[in-house]
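Working through the structure, step by step
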Amino acid sequence: MFEKSTWIKLPRNVLVGHGVVDDLGTAVGELYLTGRPLIVTSPTPNEIAGDRVRAQFEDPATAVVEDASFEAVEQLTATAEEVDPGYLIALGGGKPIDIAKMAADHLGVGFVSVPTVASHDGIVSGRSSIPEGDTRHSVAADPPLAVVADTELLAEAPWRLTTAGCADIISNYTAVKDWRLARRLRNVEYSEYAGALSEMTAELLVENADMIRPGLEESSWVVVKALVSSGVAMSIAGSSRPASGAEHLISHQLDRIAPGKALHGHQVGVASIMTEYLHSGENGEWAAIREALGELDAPTTAAELGVDDEELITALTSAHEIRDRYTILQGGINEEAAIEVATATGVI
Ligand SMILES: NC(=O)C1=CN([C@@H]2O[C@H](COP(=O)(O)OP(=O)(O)OC[C@H]3O[C@@H](n4cnc5c(N)ncnc54)[C@H](OP(=O)(O)O)[C@@H]3O)[C@@H](O)[C@H]2O)C=CC1
Ligand SMILES: O=C(CO)COP(=O)(O)O
Ligand SMILES: [Zn+2]
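Values in this document were obtained by computation on a predicted structure and should not be read as measured data. (Residues numbered from 1 in each chain as written. Chains lettered and ligands numbered in written order. Predicted model: local features only at pLDDT ≥ 70, side-chain atom pairs only at ≥ 80, totals over all residues. Heavy atoms only, no water.)

**Brief notes about the domain arrangement of the protein**
When cut into domains, the protein gives domain 1 (13-156) and domain 2 (159-344). Between domain 1 and domain 2, the contact holds 23 residues from the first and 26 residues from the second. Counting the surface lost from both domain 1 and domain 2, the interface buries some 2000 Å², and carbon and sulfur atoms represent 64% of this. For the pair domain 1 and domain 2, the interface holds zero salt bridges. At the surface where domain 1 touches domain 2, the tally comes to seven residue pairs in polar contact (both at pLDDT 80 or more). If you list the elements that add at least two residues to the side of domain 1 that touches domain 2, you get β1 (13-17), β7 (135-140) and α5 (151-156). (Domains from an automatic or database assignment. Contact = heavy atoms within 4.5 Å. Buried area = accessible area lost by both parts, 1.4 Å probe. Salt bridge = Lys/Arg side-chain N within 4 Å of Asp/Glu carboxyl O. Polar contact = N/O pair within 3.5 Å; in protein donor to acceptor, adjacent residues only side chain to side chain. Helix = DSSP H or I, 4+ residues; strand = E, 2+ residues; numbered from the N terminus.)

**Some points on the sheet that holds β1**
Sheet architecture is open: six strands sit in the order β1-β8-β5-β4-β2-β3, paired in parallel fashion. Edge positions in the sheet fall to β1 and β3 (61-64), since each of these pairs with one other strand and no more. With direction set aside, neighbouring strand axes in the sheet form an average angle of 15°. In the sheet, strand β4 (residues 87-92) pairs with strand β5 (residues 110-115) via six bridges, with the strands oriented parallel. Within the sheet, the bridge partner assigned to I89 lies in β5 and is V112. (Pairing = 2+ DSSP bridges. Axes fitted to C-alpha atoms, helices over the stretch in contact; angles between N-to-C directions.)

**Quick word on the packing of aromatic side chains**
One pass over the structure, following the stated rule, counts two aromatic pairs. On the basis of an interplanar angle of 65° and a centroid distance of 5.9 Å, the ring pair of Y277 and W286 is categorised as edge-to-face. Among the residues examined, Y277 registers a relative accessible area of 14% and is labelled buried. Among the residues examined, W286 registers a relative accessible area of 10% and is labelled buried. Residue placement shows R183 over the ring face of Y190; its charged tip is 4.4 Å from the ring centre. (Phe/Tyr/Trp six-rings, centres within 6.5 Å; stacked < 30°, edge-to-face > 60°. Buried < 20%, exposed > 50% of the residue type's maximum accessible area, 1.4 Å probe, protein only. Lys NZ or Arg CZ within 6 Å of the ring centre and 35° of its normal.)

**Topic: the pairing of β5**
Among the six residues of β5, six are classified as buried, and the element is accordingly described as predominantly covered. Here β5 shows a buried face lined by G110, V112 and V114 and a second buried face lined by F111, S113 and P115. One crossover worth recording links β4 to the parallel β5 by way of helix α4 (residues 94-107), and it is right-handed. Relative to strand β8 (residues 146-150), β5 runs parallel, the two sharing two bridges. Counted as the bridge partner of V112 is A146 from β8. (Right-handed = clockwise from strand over helix to strand, strands pointing away.)

**Points about the coordination of the zinc ion (ligand 3)**
Protein coordination at the zinc ion (ligand 3) comes from D168 (OD), H248 (NE2) and H264 (NE2), with a distance range of 2.1 to 2.2 Å. Coordination of the zinc ion (ligand 3) draws on donor residues from a single chain, spaced D-x79-H-x15-H in sequence. Of this pair, H248 sits in helix α10 (residues 246-257) while H264 sits in helix α11 (residues 264-280), and the two are 16 residues apart along the sequence. (Donors = N, O, S within 2.8 Å, 3.2 Å for Na, K, Ca; no water.)

**So, the site of ligand 2**
Near ligand 2 you find D121, R127, S138, D168, S240, A243, S244, H248, H252, H264 and R323, and these make up its full shell. At 2.6 Å from an oxygen atom of ligand 2 is found a side-chain nitrogen or oxygen belonging to S240. H264 places a side-chain nitrogen or oxygen 3.1 Å from an oxygen atom of ligand 2. Contact with the protein chains hides 93% of the accessible area of ligand 2, taken as 310 Å² for the molecule alone. For the shell around ligand 2, the residue count by class is one nonpolar, six polar and four charged. There are two domains that each give the shell around ligand 2 at least three residues, and those are domain 1 (13-156) and domain 2 (159-344). (Near = heavy atom within 4 Å. Areas by Shrake-Rupley, 256 points an atom, 1.4 Å probe, with all protein chains shown as cover. Nonpolar A, V, L, I, M, F, W, Y, C, P; charged D, E, K, R; others polar.)

**Description of the UniProt feature "binding site: glycerol" (unreviewed entry) in the protein**
Within the UniProt annotation, "binding site: glycerol" (unreviewed entry) is assigned to D121, D168, H248 and H264. In sequence the annotated residues extend across 144 residues, while in space they remain close, none of their C-alpha pairs exceeding 12.6 Å. Inspection of the secondary structure puts D168 in helix α6 (residues 159-170). What makes D168 buried here is its relative accessible area of 0%. In contact with D168, not counting residues within four places along its chain, are H120, D121, H248, H264, G265 and V268. (UniProt positions renumbered as here; feature names shortened; annotations may be inferred.)

**Describing the site of ligand 1**
As a matter of local geometry, ligand 1 sits amid 24 residues, with S42, T44, T116, S119 and R136 nearest to it. Contact between ligand 1 and T116: a nitrogen atom at 2.7 Å from a side-chain N or O atom of the residue. Here an oxygen atom of ligand 1 and a side-chain polar atom of H120 are 2.9 Å apart. Protein contacts shield 80% of the accessible area of ligand 1, which totals 920 Å² for the unbound molecule. Every element with two or more residues in the shell around ligand 1 is listed here: α2 (43-54), α4 and β6 (127-132). Tallied by class, residues from the shell around ligand 1 come to nine nonpolar, 11 polar and four charged.

**Observations concerning the pairing of β4**
The buried fraction of β4 amounts to six of the six residues, a majority that puts the element mostly inside the structure. Where strand β2 (residues 37-41) lies against β4, five bridges are found, and the strand directions are parallel. Counted as the bridge partner of V40 is A90 from β4.

Here it is in structure tokens:
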């Protein structure tokens, strides 16, 4: 018996390729948007591609955001009320894209995502992740109307940001395991399509790992397609479940306990090695996850994250407290067991 309707919101156009930042105007034209654009960016992407973007529009306005915060969303909303844009263009990494995503939602306008780094799947998803004090809010918003990902720009971005994007995708393996566990034990709503797409995305990325090397445009292509696919899985699910399980809870805790030490993708990758061990034991797939991360130059230990062993153990033992999301960590893991899993997997 179907009691609910399903509303799947997806980007309408996804343009990936060499130099496509110069086709942004055409891609926007295809969306039949009206009014002037407000370009939301941060200093480095503005420097790298701001002029190329502005050159394609009549009378564009630009807002440069320095940090990801609710104040930044408010400030941007106030700027937008003065500018009266027809739509927003988010140019940059997760910071300007998250801010634009939330502001677009508040303003009731659409936005187009132009990622200049492939650092995590938030660049295409319908979720913003905004820090506030020592907590992090994962807020639902509409996904971009279009994604224009220039593989030339992405290939020139710092390699560690790309490896973080890869690790965010690899963490889909354990996110889906947590989601299935929650279905079995708590009867949470589960989508076979979203779960399968998310897993397949991680598998394809790992299969193509030898193609993913610094400075190679083909690498950016593979990674950005995986990020789009992961974003689509979240859109189908109507939640971040296909791409965010216990490994994300641990990473969110690390953001509180050891802020600014490591990138989101790198944290979820290392956490994924441990949650896989918790799911499947010593003969499970945790070593394969560790190997795949290592092959992609992503960290596999607390030390490589720049995080103290104690900080990692505290994040593990407290991760279950931060969100009402059933995972393998439901009810918590005690310190002794946390040290055991972190040691057995070589994370500490
Ligand atoms: N929505 C979601 O699901 C998720 C959102 N997030 C959020 O995303 C943010 C982190 O994402 P991230 O992408 O790392 O954030 P940033 O937007 O901060 O980008 C990372 C760094 O790369 C710089 N940069 C951007 N493009 C280029 C380029 N082409 N070449 C060289 N440098 C470049 C930025 O410069 P500058 O400092 O000038 O901006 C910044 O220093 C956080 O705010 C986090 O909360 C994280 C995970 C998931
Ligand atoms: O990072 C995400 C998926 O990769 C989003 O997850 P959250 O919903 O936990 O913020
Ligand atoms: Zn993530």
